[in-house]
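Listed below are the residues making up each chain.
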Amino acid sequence: MTAIAFIGLGNMGGPMAANLVKAGHRVTGYDLNAEALAALAAAGGTVAANAAEALVGAEVVITMLPAGQQVRDVWLHQGGLIDVLGKRGGAKPLLLDCSTIDVESARVVGDAAGQAGFDMLDAPVSGGVGGAVAGTLTFMVGGADATFARAQPYFQAMGRTIVHAGGPGMGQAAKICNNMMLGINMVGLSEALILAERLGLDLKKLHDIVAPSSGQSWALTSYCPAPGVVPAAPANRDYAAGFMAGLMAKDMKLAQAAAEATGTPTPLGTLAASYYQAVCDAGSARKDFSFVYRWLAEQDRKDLVK
Ligand code: NAD
């Protein structure tokens, strides 16, 4: 049994913390949102009044926050976790950030942790809320070999596939490449589904044809954006997230920034990023990212295809 502080108990962090409780760990959590705290208490965790209080006695500290800004705020700013832990003395806890953030923020926070004498990993995940609930997430991890080995029991409690991607920041590098693929993929799938509907195809039958064929994808078989095809998909709950369109827009922008910095040609990534941004601009940032299917269906072909 390990004492774990878990900060950020949203769509992903909530079920991840619950799986750590199920694995027998003592989890103390903090989130700005009272509903998230209530869910942790219902899952058997302990609720803290603030992030610093969650750290008391923690041997492992995990964050699962929206973006780089929140991760920098929580770990670095005055009263930030590294400061609080540095003043605490005693055995140094293991630090894990599982949020999807820019490589630069991951390195800045990781460096600050290292300078204060802590072992830290960037360990973003893939697998969606379903994977978080089932404990089948994929962890892509950046950091030192020994720290990766030390974190194994906690990753195992929340995930199924755990890959050491490389040194600090490489977990985030892998994650933004994964999400750029997913973001493009979801737009491509949406285009084909809208076309299929307009050609008169039954989408359930199309799913049955494509699922074992060369057009197959996770977006189709686990997360189909058209309602009535895959029961567990957000499309069947009026696109309640899931993975919010605003977060996908953030990840697509992170990928674009990295592509810009490395001179990488990513024309489809650029286009798909603009579509998720348009979904957000239309007021649907909190809907699931598969809502891009609905957005696309309302567009005029001549505005998008030149
Ligand atoms: P979310 O918005 O549901 O959860 C984030 C939580 O952080 C919220 O509950 C919010 O209240 C809390 N928070 C924000 N600032 C805080 C602070 N200063 N102190 C304490 N709590 C704070 O988002 P999510 O879907 O759980 O995503 C979390 C991260 O995981 C993001 O980086 C996202 O890109 C990534 N991710 C999400 C999915 C998914 O399918 N939802 C999949 C893989 C990765």
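Residues numbered from 1 in each chain as written. Predicted model: local features only at pLDDT ≥ 70, side-chain atom pairs only at ≥ 80, totals over all residues. Heavy atoms only, no water.

**Some words on the pairing of strand 5 (residues 94-97)**
Definition in use: Note on classification: 1.4 Å probe, protein chains only; a residue is buried when its accessible area is under 20% of the maximum for its type, exposed when over 50%, partly exposed between these limits. Strands here mean DSSP runs of E at least two residues long; helices mean DSSP runs of H or I at least four residues long; both are numbered from the N terminus. The pairing criterion is simple: DSSP has to find at least two bridges between the two strands. If the strands point away from the viewer and the path from the first strand over the helix to the second runs clockwise, then the crossover is right-handed.
Neither face of strand 5 is open: one carries Leu94 and Leu96, the other Leu95 and Asp97, and all of them are buried. Relative to strand 6 (residues 120-122), strand 5 runs parallel, the two sharing 3 bridges. When the sheet's bridge partners are listed, Leu95 is paired in strand 6 with Met120. Read as a crossover between parallel neighbours, the route from strand 5 over helix 6 (residues 103-115) to strand 6 is right-handed.

**Let's talk about the site of the ligand**
As a reminder of what qualifies: Near, as used in this document, describes a residue that has one of its heavy atoms within 4 Å of the molecule or strand being considered. Whenever a nitrogen or oxygen atom comes within 3.5 Å of another N or O atom, the pair is scored as a polar contact, on the condition that within protein one atom can donate a hydrogen and the other can accept it, and that pairs from neighbouring residues in sequence are kept only if both atoms are in side chains. In these tables, accessible area is a Shrake-Rupley quantity obtained with a 1.4 Å probe, and a residue counts as shielded only by the protein chains included in the view. The nonpolar class holds Ala, Val, Leu, Ile, Met, Phe, Trp, Tyr, Cys and Pro. Asp, Glu, Lys and Arg form the charged class, and all remaining residues, Gly among them, are polar.
The environment of the ligand is made up of 26 residues, and the closest members are Asn11, Met12, Asp31, Pro66 and Thr100. At a separation of 3.1 Å, a nitrogen atom of the ligand approaches a polar backbone atom of Gly242. In isolation the ligand has 830 Å² of accessible area, and contact with the protein removes 89% of it. When residues of the shell around the ligand are traced back to their parent elements, those giving at least two are helix 4 (68-76), helix 7 (128-134) and helix 12 (245-262). Considering each element in turn, the shell around the ligand owes the most residues, 3 residues, to helix 12. Partitioning the shell around the ligand into residue classes produces 13 nonpolar, 9 polar and 4 charged.

**A few points about the domain arrangement of the protein chain**
The condition is simple: Where a domain begins and ends is set by an automatic assignment or by a domain database. Throughout, buried area stands for the accessible area (probe radius 1.4 Å) lost by two parts on being put together, summed over both. Just to be clear on terms, a salt bridge is a Lys or Arg side-chain nitrogen sitting within 4 Å of an Asp or Glu carboxyl oxygen.
Examined at the domain level, the protein chain breaks down into domain 1 (3-166) and domain 2 (173-304). Using only C-alpha atoms to locate each centre, domain 1 and domain 2 end up separated by 28 Å. Counting each side, the surface lost to burial between domain 1 and domain 2 is near 940 Å², with a carbon and sulfur contribution of 67%. When the buried surface of domain 1 facing domain 2 is broken down by residue, Asn11, Thr100 and Met140 rank first, second and third, together holding 40% of it. Counting across the interface, domain 1 meets domain 2 through 0 salt bridges. For the pair domain 1 and domain 2, the number of links is 3 residue pairs in polar contact (both at pLDDT 80 or more).

**Let's talk about the packing of aromatic side chains**
Here is the rule we go by: When the centres of two rings from Phe, Tyr and Trp lie within 6.5 Å, Trp using its six-membered ring, the rings pair. Their planes under 30 degrees apart give stacked, over 60 give edge-to-face, and anything left gives tilted.
The tally for this structure, following the rule as stated, stands at 8 aromatic pairs. Aromatic pair Tyr275 and Trp295: ring centres 5.3 Å apart, planes at 40°, arrangement tilted. Of this pair, Tyr275 sits in helix 13 (residues 267-284) while Trp295 sits in helix 14 (residues 292-297), placing them 20 residues apart in sequence. No difference in accessibility class separates Tyr275 from Trp295, as the two residues are buried. Centroid distance Tyr276 to Phe289: 6.3 Å. Interplanar angle 45°. Geometry classified as tilted. Here the residue Tyr276 occupies a position in helix 13, and Phe289 occupies one in the loop between helix 13 and helix 14, the gap between them amounting to 13 residues.

**Structural notes on the pattern of salt bridges**
Counted by the stated rule, this structure contains 6 salt bridges. The salt bridge partner of Lys87 is Asp83, with a shortest N-O separation of 3.5 Å. Of this pair, Lys87 and Asp83 both sit in helix 5 (residues 81-88), 4 residues apart, which is roughly one turn of the helix. The exposure class of Asp83 is partly exposed, given its relative accessible area of 34%. Between Lys302 and Asp300 there is a salt bridge; the shortest N-O distance is 3.0 Å.

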